[in-house]
Structures are given as structure tokens and as C-alpha cells.
Amino acid sequence: MAKNTNMRWRLPLICLLWEVAMIILFGVFVRFTPEASARWEEEEKKQNNITSDIENDFYYRYPSFQDVHVMIFIGFGFLMTFLQRYGFGAVGFNFLLASFGIQWAILMQGWFHSFKDGKILIGVENLINADFCVGSVCVAFGAILGKSSPVQLLIMTLFQVTLFSVNEYILLNLLHVIDAGGSMTIHTFGAYFGLTVTRILYRPNLEQSKDKQGSVYHSDIFAMIGTIFLWMYWPSFNSAVSNHGDAQHRAAINTYCSLAACVLTTVAFSSMLEKKGKLDMVHIQNATLAGGVAVGTSAEMMLPPYGSLIVGFICGIVSTVGYVYLTPFLESRLHIQDTCGIHNLHGMPGIIGGIVGAITAAAATKSVYGSEGLVKTFDFTGDYANRTPMVQGGYQAAGIFVSLAMAFAGGAIVGGILKLPIWGDAADENCFEDDVYWEVPEDEESGLYHMHDPTLKPASP
Amino acid sequence: MAKNTNMRWRLPLICLLWEVAMIILFGVFVRFTPEASARWEEEEKKQNNITSDIENDFYYRYPSFQDVHVMIFIGFGFLMTFLQRYGFGAVGFNFLLASFGIQWAILMQGWFHSFKDGKILIGVENLINADFCVGSVCVAFGAILGKSSPVQLLIMTLFQVTLFSVNEYILLNLLHVIDAGGSMTIHTFGAYFGLTVTRILYRPNLEQSKDKQGSVYHSDIFAMIGTIFLWMYWPSFNSAVSNHGDAQHRAAINTYCSLAACVLTTVAFSSMLEKKGKLDMVHIQNATLAGGVAVGTSAEMMLPPYGSLIVGFICGIVSTVGYVYLTPFLESRLHIQDTCGIHNLHGMPGIIGGIVGAITAAAATKSVYGSEGLVKTFDFTGDYANRTPMVQGGYQAAGIFVSLAMAFAGGAIVGGILKLPIWGDAADENCFEDDVYWEVPEDEESGLYHMHDPTLKPASP
Amino acid sequence: MAKNTNMRWRLPLICLLWEVAMIILFGVFVRFTPEASARWEEEEKKQNNITSDIENDFYYRYPSFQDVHVMIFIGFGFLMTFLQRYGFGAVGFNFLLASFGIQWAILMQGWFHSFKDGKILIGVENLINADFCVGSVCVAFGAILGKSSPVQLLIMTLFQVTLFSVNEYILLNLLHVIDAGGSMTIHTFGAYFGLTVTRILYRPNLEQSKDKQGSVYHSDIFAMIGTIFLWMYWPSFNSAVSNHGDAQHRAAINTYCSLAACVLTTVAFSSMLEKKGKLDMVHIQNATLAGGVAVGTSAEMMLPPYGSLIVGFICGIVSTVGYVYLTPFLESRLHIQDTCGIHNLHGMPGIIGGIVGAITAAAATKSVYGSEGLVKTFDFTGDYANRTPMVQGGYQAAGIFVSLAMAFAGGAIVGGILKLPIWGDAADENCFEDDVYWEVPEDEESGLYHMHDPTLKPASP
């Protein structure tokens, strides 16, 4: 019955083998894009009559890239430190899976999108897209936080990055869908993938570690570091890979507006749904971000700023109500144990984002966008030169269903793999406890912690 | 006598109503500036012969915007977490008031500065200015931290943003004053507004919660996150809305220099004024930032780097001495209870900043600035084409007095409104305590906390 | 025997005198570079036919500068908060020494590199280089963390910045070595300088404060803030002063790759070397960063991405193994007490970085770089027009030895100065304890802390 959680050989083996595989695959496939090559000066710049170094894509996208990078590593990492005894796992495992994931994503996305003459040519946009792809894994991690071993997380990352890239290819290339901020590709896919996985991994006796599923005072403040960095940098997230110029500008403004509105309705409903009117940190930490998720598709379109406010307004409500009523329901009736409530932060807002994107696309007109602007925004060129906004709206909507289908199917398969009893996940009574996988200092807090549970032995000295 | 601090209806009502008002006003008034519109490609770019997307203002200002954004939400939010039991309120209420404030500021500042053909046209510079405006509210929040309800804070934000915008309009448009980093508009106005408010809200029995006004070890480290992010990004703050090119460059350098000098004198006086020579975290957390406040007006002028060092040198001393001697005096004699000591960090340094700006402007010469540089720096064009540096210096000085007058008058009115006994602020003995407005986890620390005060019941399970 | 740790006169005196010296020297020497001067518009821009403000170096380098700034103040500061009772000292002293150091570095580096007509002309690149120089002091601080007084730290900063600048001048100007990310100038020099200093300051009875050398649960999470910000922004560090265009782009990509690989091997070896396979936070906090150090020299060269992965792969292993086996050996046999293990994070990876740089330079060919690219990358112009890649590789290797020699010699001298018994360092039993130099709040944690050591009196009320 007792599971072996000793990682001594499994974790090193998987890390070393996979990293060697990355080196080999990078060696065979990955080279610099011309803009990052020393030959740029002499070849690309001259051929394309580029007169200034500042035209290098690096200067358009690098500041946004760094903001996205902060969201993945600090944002997601610290957001999940809210658990009283899982801070090491939250930041540390997020660090591990994202570091592997970005390498595998550069390869997977590279084969689909940056493949030329047998090589993947990478530049700053590939780094952003790799971070985006890993963002979807971080979302899914939120559902199984505290219940999975690092080996499971690495395996999930391998499969999820692969499926993400396939889904992204279907949406962006086959359906020719617009989704620069990833409402569908990142959030909807990531959330329902993660929820399916946690459903498969259902632990009927998880209440044995219920006392550790809550926060303590300082862990809630650590989590706010994650929340605020996610909230602040979300305008960069939604604008990072938009077209140069007005599209990036507009996407940032819309995201800023949506997020601001979302905070107000989150606070309103958090207070309203508690009988003494007190605010719940879980809502403030999470539901305030739903507005960013939900304009991911439409932020770069001509969604007017008041439209963004409306989206944020609705999502703050939907997300907070979800935390209060839906999460307990999902757990008790559907056996979906969603540690961080990703269904409320990424699932529903992601679908709303897809719908808003479809409507905004369908409603696009030449009078609002200008002729050139319409073509540029939706890339109505080449095979798609004759697509109308209304048709585009239909394809956008189809993107939601494809993402959901991929998430459910992929999540079911990967959940099945992760259920194998060989990956070293903790027993139900040891979930949400760093001590299983980390050398934890024996300090005052662990001492006090054990006061609540005198049967648990302290970490070995 | 016992006040009703239950927010269940008041807070949701104000949040929802005001957000609906924002949506309506944004719907009527707010549109994208041409540089953020899909029509940019086809209209503005061609009309203005713009050959590259990188000329979009987004690329000049977005990195600075994000730094300013971090200062408002992480910087101010975490700086105020130093209180042992008010971390949720510090970060959370700052998050709430700033999220509302930026929306209202976009409208207020928009009507004054970006209004064209019945619409407010917004771009990245509007986002920065909205953050700046809210910065002044965050300053004032520091004076009443721990003593006010979230409803009071939202009401204060509504009025203060309004008054800020009027004052800013008087200074920038009527007096034609230069104040890119806001020594006068943000810091002087914000600080004396907040001090007037807290004077009106004087609580004679506040010593009943004196034990909670201090910090604990980890809360001081949380506060340092705020301090350091404010300190690091202040060069972006003071340069964010300066003219493109050399002015932004210069403002960043001067702010960097002033802040560096300020740390040294803060440490010197913190050690010197304690009998065992030990450093006080309150000084390190706050007075080190005074140098940034005090070059807010002059940083983009040709204040030489050594001038910045002198300003920082002086402000570190003034601010630290203020914490040691002036804050207790203000409390005991003038009944000004200034939780964060904003008079030392924003008040006096703000006035110094206004004075330094006036002197630097008055001393400007063509030999230092060049003819074009002088015109560009002080915008001596149109109606102001014949203004001399000396006259400009006079107007700069007038700006200080206008800001002070607006702050005192506005603060008195708003303080009077906030004094009404209907907004749900806490009783004196419950100040500086998150438990009043937040569901607080019952953890080891609160357990310990209650050891000091066994009469206080723990939060309901 | 009992040392006098009262800083009341020594610390203020040194801070004030030195800051006055800075003001005088800045007054005599420091002026704005043309790009930061109000005369830019009218002089430089016209003379050089610059058509757009965006060509100002500010826009090429400012975002990277801010990232580097975060690394120095948040990164190094919080990385060192892992000690249970030295968080104030870690962040606060780092703040102090860096604030002084950047001023002195602007002067020292200015005399060597930006001196024109008797003036040092500063712009954003000088700010980055000053931060870099101070980075090497922060590295050395890691070796003596918890064992030194703030006066000692300021004295070390004065000398180390001076020696750094001389060493940098020898490498960059005399040997014409490439080292944009500072594997040699920053990390190798900083680490071996610090290790030599701590060797000289050897404390035979340091085990008296052994109980405070560990972490507590929350201090480890604070430290992860430092780790993750260093890790995320390292691509900016290594690309900040590279040539405009492809070189900055490439340096960022290579650093990103190396760091990602490094995390995997760090986790692998951390788990493998503990008998229960548990991860050690010390390794995750430090060894994951070694990959950034080790591509500091070569990242801007045409090191291919798989090459970066290999470097990161190796450094994760070397650094983690160093923490497990080498640090205890250095302490017990060589009497080198290295608090943060800088030998593992900066020493060995720095040397590896120098070697990788030498090999990459020696292997450079026209077919890979293009003729212009080769000249531009290695600056084969003027006196160096005829230098071949192979010869460049030799000079690169020589740079390692020069840096080591400067570090050992300089460290020995400075260590000797710091050993004088007048600087107020703490007694062995009071090391790693904030209470010596800081007013520490008497809180629950210190209460608990004293449970372990009932003889220690609490801080005076």
C-alpha cells in the first residue's frame, strides 16, 4: 500500500536522459534565425534594405519576452506557494517542468512553424512561444499541485507540450485562427487537459491531507507575489507575439482595461458571498486574473476598451462564483480535485475568451479596421484572401471545440499513463507536503505545524 | 460605540456600481489613439511618412510603463506589508484602489489632455499617466494604512484622482510647468492630501492597537521587496513620459544617481541616530527612496549627475531625521497619525523636488541646453515661445504652492466625507488587523500572535 | 576578546565622507554623454544624420539595463536571504554596498573607458557596466555573508571595484578580449577574490554559530525570489552590452538555452547525491544559475544553441557536486569558509565560461560568421585587424589567468586590510545574526528562535 516516493534513481535518470536527448535534437535541428546570426549584418540586412539595427525583431519583442518569462517562472511559481507546506514544490517543480518544457517546445513548435531546409531557425519569438506553451503546462500543474511526483510532472510536460503544439498547429495553420494571447491554445487547452488528468488520478481519500490544503498567513502573501506579477505583465503576455505596431499597442491596452475591471467584480463577489462580508484571499489571488485570460484572443482585434471592461467585469464574477460554488461541486460530484481552481481561472475564462474572440472577429468591418488593417489583423492573405470576418468568426468558434476535444482526449491518455504506480507520487495522507520530495529545514514553523498533527514525525535531523 | 465593519453590502455595491459607471463612460468616451488603431497602417503612418513600425510610441514607452506598473502594484503594495498583521490589506487594498483608480484616471486625465472630437483617445502614455495619478493615491493610502475600510479607500480614490487631475491640469497646462516625474503633482500633492485626511480622521485612542503597529521579522523582508522594486524602477518612473530621445535618457541617469547617494546618507543617519548604532528597517525601507522623489521634476532637465547626488544626499538625511524626530512630533502635537511616514518619504522630498526643479529651470541657459534643446526641454513654443528660464523657474515654484493648496483643501473636504460613520472603518483597538476585512487562515503565527493577547478570539474555523 | 560591533560613528563617518567624495569627483569629472544631453537634438543627431529618436542608445539598452538592475538588487539581495536570521543583512547590506559601488564604478570605469577631454561622459551603457562591476562585489559578498560588518563591506567594495576596473581594462583593452557577460571579469574575478578574502578572514571557531547557518522554511522561499529573478534575467545580463542587433539577440538565446539545461542536471544530481533522493534547496537556489555564468563570454559568439545546452548540462553537474563534496573540503582542509558556496556558482562556472569562450573564439570561421560578422563580433579592427580567431582564442585563455592572478593578489591585500580589528565585525558566536547590526523586531519567530538557545537574550524592547 505504501508508495515508494524515493526519487533517487527515477528522477535523475529521466532528467539526464531527456536533457541528453534535447542536446542531440538541438544539435541536429536547431540553428539561429538570420536576425540572431552573425551573418545578419552582411546578408539579411543588405538584402532587405534594413538601415538600422533597431529593426531587428529583438527590439520589438524582447521586453515583452522578459515579462512573459517572469509570468511563467515567478508568476505561476509563486501563485502556487499559497499552500502552507508546499512552497518548495510550487516554485521548484514549476521551475523544473518549465525548464524542460521550453526546450521541448522549441523543438515541437519549431518543426511546425520555423522549419526551413531541415533546420529549426530560432529567434526571440520562438522563446516567447516556448514560454507560452509551457504556460499551458503550468496551468495544468495547478490542478494536480501537491498530489504528483516530479517524475509525473516531467512526463506530463513531455506529452502536454507535444499535444499543445499539435493543437496550436491545427488552430493557427489549418483553421487559420487568431489567438495571440492564447485564450484557446493556452488556457482552455491547458485547463481542461489538467482537469481531465486530475479526474483520472482521483484520490478518494484525499481528505486525509485536508489540513494541509489550506494556507498560512505568510504563504498567502508569497502567493500574492505571483498574482501581482501575473496581473501586471499580462498586457505583455497578450501582446507579445502580435503584429508589430498598432496591434501590440492595442493588445496591451485592452488587457490592461480588462484586468482592472476584473479586480472590482472579484472583490464585490468575494465579499458578497461570505456571510460576514470578508474577502477571501483565494479569490483575490486568482479570480482577479480571469480578465487577462478572457481577452487573450480578442485583445489585438479592434475590441474597444469598454468591451474589455465588460469582459473583465463578467469574468471576475464568473471566476469568483466558480470558486465558491463550482469547485466544491466538481470535487464532490464529478470527482475532479482541482487544487488551485484552474477551472475558474483558466477554464471558464478561456472559453469565454474564445467566444469573445469569435464574436469580435465576426463583427469586424472595413470601416473600423480600414481595408489594410482588416487584412493585416486577420491575415486575410494567400489562401485566406477571400475569407470574410463572419467566416473567420466561425473558424474561431471551431477553435474552441478543437481545443476542448484535444484537451479531453489528451488528458485522458496522459492521465492513464500517470496513473501507473511506478512514478512515485505520494500517499493520500502525505499530499501537499514538501517533506516527501525535499529536504525541509526543521524550523519553528515545522515544529508548530507538527503541533496540529503529533503523529507525524518531524523531518530527519 | 462598536462600529459595524461588515462590508457585505456596502463594498459589493460600490464596486459594482462604479464599474458599471466606468463601462458606460468608457463606452461613450474612450477610443484608441491612432497609434493603437488598426487604421494606423493605412492612415497615420502614410500621412506622417512613418517608415517603420518601431516609430510607434509603444516601443518608446512600453518598457517604462511596465516598470511603473510594477512600482504601483508591487512597489507600493509590498512596501506597506511591513505591519505584522496587515499584509493582506496592504497588498490587497492597494490592488483594489489602484485598479479602480487607473480607470477613473484614464477618464479624468483624458478629458483634460486627450480629448478630441468628443472622444478620449488612449495609448500607452495614457496608461502611464493613469498609473502616475494612482501613485498619488497610493502615497496618501500610506498615511491611513490600517485605519480605513476598503469603502473609504475607494471613495478617497474617486475624489483624489479627480483633484489630482484638476491640479495636474493647472500645473501642466495653465502654469505650463515641467514635472515629468511628479515631484509636485504626485508626491507633494499626494502626501499633503493624505496627511490632511489622516488629520481629520484623527483617532485619539489609537494606542489601543499600538502592539500591532510594529513589524515582525518576515514582514520586514516582505516590505523590502516593495522598497527594492520602487528603488530599482524609479529611473523609469521619472523618465517614462519625458520627451523621446535624450530627455528620457538623461532623466533615467539622474534618478539612478540620486537614489544611489540617498542610500548612503540614509544608512549613515539611521545608524547615527540610534544609540547602539543599529540600523532601523523603517529608514532603509523608506528614506532610501526619497532621492527618487526629489529629482522627479528636475531629472529630465540638464541637472548634472553631481547635482543629482547632492539632491539624494540631502534627502536621505532629511527623510531619516524626519522619521526619528518629526513623525512622533506630528503625531503627539499636530495629531497627524501617519502610518507609513509619508511626510518623510513623499512630503518633504516632494517639496524639495519642486524647489530643485524651479532652481534648475531658472538656471537653464542656451549654452548648456543648446537653442533647440532649451525650447524642447521646456516646450517654449506657441503661447510660451517668449518665456525665459527665469520666468519658468517662477512658475515652477508657483506649482508647489498650488499643489499644496489643492492638497490641503481637497484633503479637508475628503477627510470630512470619510469621517461619516457609515463607511465601516474599524474600531481603534482593531486597527492594523487583517482579520477585520479578510478571512485569515488560523495558522501557527496567528496562534502565536494570540499568545500576546489571549483575550482576542481566533478567526472562526 | 569581545569585539565592539557598535557602528554608531564608524559607519556614518565612512558613508558621509565617501558620498561627499563622490559628489566632488562627479562634480569635477562626470557629465552626460551626447546622447543624454539636451544638445543631442541640435548637434549629434544632425552631424550623424540620425533621423529618429529611437536610434538613441537608450532604446537599445534600457530594458536590459533594468533587468540587470533587478539582478543586482533583488537577485543577489534575496538569494542571500536563505539564512534564518540574516535576511536584513542580506538584502540591506547588498543594497548599501551596491549603491556605493555603482557610483565608484562609474568613476573608475569612466576614467578607463569613457574619458574625453578631461570629462567622463556617461550614458545608459555606463550604468549597465557599473551594475556589472558591482555584481562582482555581490559575488564576493556571498563568501563572507554573515561574518562581516557593513564597514568592512564598504571597504571591500572600494578596493574590489578599483581592482575590477583595472583587470577589466587589462582584459578588454590590452588583451583585446571579448567578455560581454563577464565570465572572467565578473564571475571568475569576483569569486576568487571573495574566496581569498574569506580565507584570510578564517574564523576557526565559527561552529559556534553553526545553528544559524541553516535556513528556515520561509527563508528558503525568500531566497527563491532571488534565484528566479537571477535566472530569468540572465539573458539580459549576458546581452546587455553586446553589439546592437544580432549579437544581443544571439546572446539572449544562448543564455536562455544554457540555463534551461542547467536546471535539469542540477535537479538530477541534487536528488542522486542524497540518500533518500530528496532535493536540496541549496542546490536549486544556486547551481541552476551556473549555466548563465558559464556562457557569459561565449553567448554573443556563434556558439550554437546545442553548445549552450552542453555548457549548461555540465555546469549543473559541476556546481551541484561542488556543493556536496567540494565546499566541505574547502572549509575543513583549506580553511575557506564560503557561506553561499560562490566557488560552485561563480568560481568553477566562471573558469569554464572563460575556457568555452576561448575555444569558441578559436574555432570561429568566416563561413560561420561571414567576413563582416567575424570582424564585428571580435572587433578585428584598428590594431587588431590582422588578429586571427586562433590567436584571439589564446588571448581569451590568457584573460582567465590574468583574472585569477588579480583576484588572488587583490583578495590577499584586501583580506589583510579587513583583518584589522577596528572594523567592528561580529564575534564568532554572533555571526549570521541580524541582531548585531539591526534593530530586530521581537516577534513570534525570534521568540521561537530563542527556544533553541535560551541563553541568548531577546533584543531590547
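Once a new chain begins, its residue numbering starts again from 1 and follows that chain's sequence as written. Naming scheme: in the order in which they are written, chains are lettered from A and ligands are numbered from 1. Residue-level local features of this predicted model are given only where pLDDT is at least 70; pairs of side-chain atoms are given and counted only at 80 or more, and the full residue set underlies all totals for whole chains, interfaces and linings. Side-chain calculation: all heavy atoms of the structure are included, whereas hydrogens and water are not.

In the annotation of an unreviewed UniProt entry, chain A is listed under the name Ammonium transporter Rh type C and assigned to Alligator sinensis. Taken from UniProt, the Subunit (unreviewed entry) comment for chain A reads in full: "Homotrimer." For the record of chain A, the UniProt heading Subcellular location (unreviewed entry) holds the text "Cell membrane". UniProt positions are given in the numbering used here, feature names are shortened, and annotations may be inferred rather than shown by experiment.

**Quick word on the environment of alanine 287 of chain B**
Residue and element names in this part refer to chain B. Only DSSP runs of H or I covering at least 4 residues are called helices, and only runs of E covering at least 2 are called strands; the numbering of each starts at the N terminus. As for its position among the elements, alanine 287 is in the loop between helix 10 (281–286) and helix 11 (290–294). Counting along the chain gives 21 residues from alanine 287 to threonine 266, while the straight-line C-alpha distance between them is 6.1 Å. Once you skip the residues sitting within four places of it in the chain, alanine 287 turns out to touch Cys262, Thr266, Val282, Gly316, Ser319, Thr320 and Tyr323. Here a residue-residue contact requires only that any non-hydrogen atoms of the pair lie within 4.5 Å.

**Overview of the relation of the copies chain B and chain C**
All copies are superposed by least squares; the fitting set is the C-alpha atoms of residues with a pLDDT of at least 70 in both. Once chain B is rotated about the relating axis by 120 degrees and shifted along it by 0.0 Å, it coincides with chain C to within an RMSD of 0.0 Å. Seen this way, the second copy is the image of the first under a three-fold rotation axis. Judged by C-alpha distance, proline 63 of chain B is the residue of chain B that lies nearest the rotation axis, at 3.6 Å. Mapped onto chain C, only 13% of the interface residues of chain B again fall at the interface, so the copies present different surfaces.

**A look at the interface of chain B and chain C**
Between chain B and chain C, the residue contacts involve 75 residues of the former and 80 residues of the latter. By definition, the buried area sums, over both parts, the 1.4 Å-probe accessible area that each loses when the two are put together. Summing both sides of the interface, chain B and chain C together bury roughly 6,900 Å²; the carbon and sulfur share of this comes to 71%. Pairs of N or O atoms are called polar contacts if they sit within 3.5 Å, as long as, within protein, a hydrogen donor faces a hydrogen acceptor (for residues adjacent in sequence, only side-chain-to-side-chain pairs). Put simply, chain B and chain C have 32 residue pairs in polar contact (both at pLDDT 80 or more) between them. Mapped onto the side of chain B that touches chain C, the elements with two or more residues apiece are helix 3 (57–79), helix 8 (217–239), helix 9 (246–272), helix 10, helix 12 (305–334), helix 14 (366–369), helix 15 (371–378) and helix 17 (444–452) of chain B. Three classes are used, and their members are as follows: Ala, Val, Leu, Ile, Met, Phe, Trp, Tyr, Cys and Pro are nonpolar, Asp, Glu, Lys and Arg are charged, and the others, Gly among them, are polar. Looking at the side of chain B that touches chain C, its residues break down into 42 nonpolar, 19 polar and 14 charged.

**Topic: the sheet that holds strand 2 (residues 115–116) of chain C**
Residues and elements named next belong to chain C. In spatial order, the strands read 1-3-2; together these three strands make up an open sheet with mixed pairing. Looking along the sheet, the strands with just one partner apiece sit at the ends: strand 1 (30–32) and strand 2. Only when DSSP finds a minimum of two bridges between them are two strands counted as paired. Bridge count between strand 2 and strand 3 (residues 119–122): two bridges; the pairing is antiparallel. Considered in strand 3, the bridge of lysine 116 is made with lysine 119.

**As for the pattern of salt bridges**
A pair is scored as a salt bridge if a Lys or Arg side-chain nitrogen falls within 4 Å of a carboxyl oxygen belonging to Asp or Glu. Scanning the entire structure with this criterion turns up 36 salt bridges over all chains. Linking lysine 45 of chain A and aspartate 53 of chain A is a salt bridge whose minimum nitrogen-to-oxygen distance equals 2.8 Å. Side by side, lysine 45 of chain A and aspartate 53 of chain A carry an identical accessibility label, which is buried. A salt bridge links aspartate 435 of chain A to lysine 278 of chain C; the nearest nitrogen and oxygen atoms lie 3.7 Å apart. Placement of the pair is aspartate 435 of chain A in the loop between helix 16 (389–419) and helix 17 (444–452) and lysine 278 of chain C in the loop between helix 9 (246–272) and helix 10 (281–286), with the two residues belonging to separate chains. A relative accessible area of 21% places aspartate 435 of chain A in the partly exposed class. Salt bridges linked by common partners bring Glu41, Lys45 and Asp53 of chain A together with Lys376 of chain C together as one network. The rule is simple: take the accessible area with a 1.4 Å probe, protein chains only, and divide by the maximum for that residue type; under 20% is buried, over 50% is exposed, in between is partly exposed.

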